[in-house]
Amino acid sequence: MNNSSFGETFRRGIITNNPLLFQIMGVCPVVAIALSVKTAAVVAVINALELIIIELLSCLLFKKLKRHFRVLIYAVLGFAINLPLLAAISRHLPDLTESIGIFLPLLAVNSVIAVKCETFAVKNTVRDTVFDSIATAIGYGIVTVAVGAAREALGSGTIFGKPIGLPYTAEAFLAPLGGFLILGFFAAIVKGLTAKKYSEEVNASMLDTSQIRMLHIKHLKQLIDESGDDDIFFDDSVLNDLEPKQSIFRRKQKTVAPEQTIVIPEEIQSFSEPEEKEEEKTVGYQPFADLLKTLEKHEPEIVVEATEPEPDPLELNEEWEVRDEELLESVEETEKASDEQQDGGDGQ
Amino acid sequence: MSYFFFDLFSAALYACVIQNFIFTGGYGASEAIRMSAKPKNLFPLSIFIVYFTTVTSVICRILELTSFVSGLEALYHNMIFYGVLCILYLVTLVVVLGFHAPKRVVRRVGIAAFNTLVLSVPFINYRAGFNLVGAIGSGIGAGIAFVLAVLLINTGLQKLEQNTSIPRHFKGTPAIFIYVAILSLGFMALTGKSIFI
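Residues numbered from 1 in each chain as written. Chains lettered and ligands numbered in written order. Predicted model: local features only at pLDDT ≥ 70, side-chain atom pairs only at ≥ 80, totals over all residues.

### Some details on the overall build of chain A
Then step 1. Within chain A one finds 16 helices and four strands.
Then step 2. Evaluated residue by residue, chain A yields a buried proportion of 34% over its 348 residues.
Then step 3. Sequence separation of at least 24 residues holds for 74% of the intrachain contacts in chain A that already meet a minimum separation of 6. (Helix = DSSP H or I, 4+ residues; strand = E, 2+ residues; numbered from the N terminus. Buried ≥ 20, exposed ≤ 12 C-beta atoms within 10 Å, placed from the backbone. Contact = placed C-beta atoms within 7 Å.)

Written out as structure tokens, the structure is:
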């Protein structure tokens, strides 16, 4: 891995492909227990340890195993790492154990671990996996601690346990709703800050909502069909890339008049296009003489043919439904394929 | 008999509505949000989630009723819960593979088994001191809570997809998080807590 890709891996893991903000992985521990900087830091550290170790082991040892067994192994490894940590925390930090409650044991099945192992570790080299796991752990950790700090400040009026002098505190920020809310605003801030340089990367890493989009499109198409208005039709191009503000309605274009074409016999066509200049040099004017002879034989057959105009993608015609169905099917197939890829992704 | 159904129903209602595991606890939030974006996969996953939450909850509760387990420290309870979940997953996997289920279904088993929602149910039963009927109720309730959460988030995602007036930077996951926060606020109201100040 060269320096640029090294930096790129870190940029992706921390910013553009942030597991928490854009890929919505490992949300539970953050919304449930990242109530202060201290607890958030504990979550971040435990998650980092588990993620790096399990991702590395899965890259080294489990590539050849079947996916459904790997999932079990991730969980078992998670438990194996988690239990001694829990024992240590409960001995040395009993207050923390009390406040965090049941959530620390749940970190063993954090979705970040399974997803990253399945989508990255088992498909890449050890070196790339190490970098990816570190970058993901840092990205996850930074957001977790930031969320913890914000919730502590807004919900308890303290930072690191010291009062910051807020006139009011809102306890709601200590509830999961506060976690979701802050995550939403953080995601928007990061998206806004990276909009100029990495907007495509961020958009690509975000939760895939193509199935929802397709449902919406089908619904709209159904409405158009039911309306019976011939002047409004559905634009196929939106299926490829539907931007939020892109109108999916187009005014129907007028039908193109059939063109008149002259059909030239094939022999003449072949004569009219002497392919190699070298032949011309050797034969002289012979090709032209042959052409004249052929023209004498074949009265040039001039046929006025009402050829069909090129199918206009913006035009609603009788074939519309067939083409649309085919298009929808092809999009669905692509979706399925990407879905299967991402299910890897979903973790398990 | 009537007490049985009362316990079962009240525990299920508690886990599903009053303390909805996803919105008021945050358990399984990632899976719920991610799954809501893929409504086609909801049915098999929901079945497996309900199955795992219920069966894990019941088995763990039965084990806790034995004098040997009930006398153990909390840390050993964690080990038992982990063990039960792993064994249940293996057994389910064997059955599913035995029926030559399609790959997509087999994948759902893994997602359904190893998530924070399923694992949280025995912990909550242990802490809340539910009896066996309560444990069954909370298991079923947790599964239904997941389905309810996915359906609610899915509806929201459809509306967000149609909404063209969302600011550019909030489009996508930021809007989803804020929508889930609003849902969470709604469910928090059912707990009767005064949440702001």
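### Looking at the overall build of chain B
Then step 1. The number of helices and strands found in chain B is nine helices and zero strands.
Then step 2. Going from the N terminus to the C terminus, chain B shows its helices and strands as α-α-α-α-α-α-α-α-α.
Then step 3. What you see for chain B is a C-alpha radius of gyration of 18 Å, in line with the 16 Å of a compact globule of 197 residues.
Then step 4. Taken along its principal axes, the extent of the C-alpha atoms in chain B is 60 × 50 × 35 Å. (Rg over C-alpha atoms; globule rule 2.2 N^0.38 Å.)

### A short note on the packing of helix α3 (residues 42–65) of chain B against helix α5 (residues 74–98) of chain B
Residues and elements named next belong to chain B.
Then step 1. At their nearest, the axes of α3 and α5 sit 10 Å apart, and the two run at 135° to each other. When the axis of α3 is compared with that of α5, the two are oblique. Of the two possible hands of crossing, α3 and α5 adopt the one that is right-handed. Two secondary-structure elements touch here, α3 through Phe52, Val55, Thr56, Ile59, Cys60 and Leu63 and α5 through Ile80, Phe81, Val84, Leu85 and Leu88.
Then step 2. Among the residues making up the contact of α3 with α5, the classes are represented as ten nonpolar, one polar and no charged. (Axes fitted to C-alpha atoms, helices over the stretch in contact; angles between N-to-C directions. Parallel < 35°, antiparallel > 145°, perpendicular 65-115°, else oblique. Left-handed = near helix turned anticlockwise from the far one by under 90°. Nonpolar A, V, L, I, M, F, W, Y, C, P; charged D, E, K, R; others polar.)

### Quick look at the confidence of the model for chain B
Should the pLDDT be low somewhere, the predicted coordinates at that spot are not to be read in detail.
Residues and elements named next belong to chain B.
Then step 1. Mean pLDDT for chain B: 85, with 96% of residues reaching 70 or above.
Then step 2. Per-residue pLDDT, averaged within each element of chain B, yields its smallest value for helix α1 (residues 2–18) (79) and its largest for helix α9 (residues 173–190) (90).
Then step 3. For this predicted complex, the interface confidence comes out at an ipTM of 0.90, alongside a pTM of 0.75. (pLDDT = per-residue confidence, 0-100.)

### Concerning the interface of chain A and chain B
Then step 1. Taken together, the contact between chain A and chain B spans 60 residues of the former and 58 residues of the latter.
Then step 2. Sorting the residues of the side of chain A that touches chain B by element identifies α2 (27–33), α4 (67–92), α6 (103–106), α7 (111–119), α9 (176–193), α10 (195–205), α11 (210–227) and α16 (320–345) of chain A as the ones contributing at least two each.
Then step 3. Per element, the largest residue contribution to the side of chain A that touches chain B is eleven residues, and it comes from α9 of chain A.
Then step 4. Split by residue class, the side of chain A that touches chain B holds 39 nonpolar, 13 polar and eight charged.

### A word on the packing of helix α8 (residues 126–156) of chain A against α9 of chain A
All names here are of chain A.
Then step 1. Here α8 crosses α9 at 120°, and the two axes come no closer than 10 Å. Classed by the angle they form, the pair α8 and α9 counts as oblique. As for how α8 packs across α9, the hand of that crossing is right-handed. Touching Val143, Ala146, Val147, Ala150, Arg151 and Gly155 of α8 are Gly178, Gly179, Ile182, Leu183 and Phe186, all from α9.
Then step 2. For the contact of α8 with α9, the per-class residue count stands at seven nonpolar, three polar and one charged.

### Details of the confidence of the model for chain A
All names here are of chain A.
Then step 1. Looking at chain A as a whole, its pLDDT mean stands at 75, while 67% of the residues score no less than 70.
Then step 2. In the model, residues 243–261 has pLDDT below 50 throughout and makes 29 contacts with residues more than four positions away in sequence or in other chains.
Then step 3. In this model residues 271–286 is a low-confidence stretch, pLDDT under 50, and it forms eight contacts with partners more than four residues away in sequence or in other chains.

### Let's talk about the nonpolar core
Then step 1. Of all hydrophobic cores here, the largest spans 131 residues; its most connected members are Leu183 of chain A together with Ile22, Ala32, Ala145, Phe146, Ala149 and Val180 of chain B.
Then step 2. Once residues within four sequence positions are removed from consideration, Phe146 of chain B is found in contact with Ile22, Gly28, Ala32, Ser46, Ile49 and Leu117 of chain B. (Core = buried A, V, L, I, M, F, W, Y, C linked by C-beta atoms within 7 Å.)

### Focus on the environment of Arg61 of chain B
Residues and elements named next belong to chain B.
Then step 1. As for its position among the elements, Arg61 is in helix α3.
Then step 2. Residues Arg61 and Ser36, spaced 25 residues apart in sequence, show a C-alpha to C-alpha distance of 30 Å.
Then step 3. Ignoring anything within four residues of it in the chain, the contact list for Arg61 reads Asn125, Phe130, Leu132 and Ala135.

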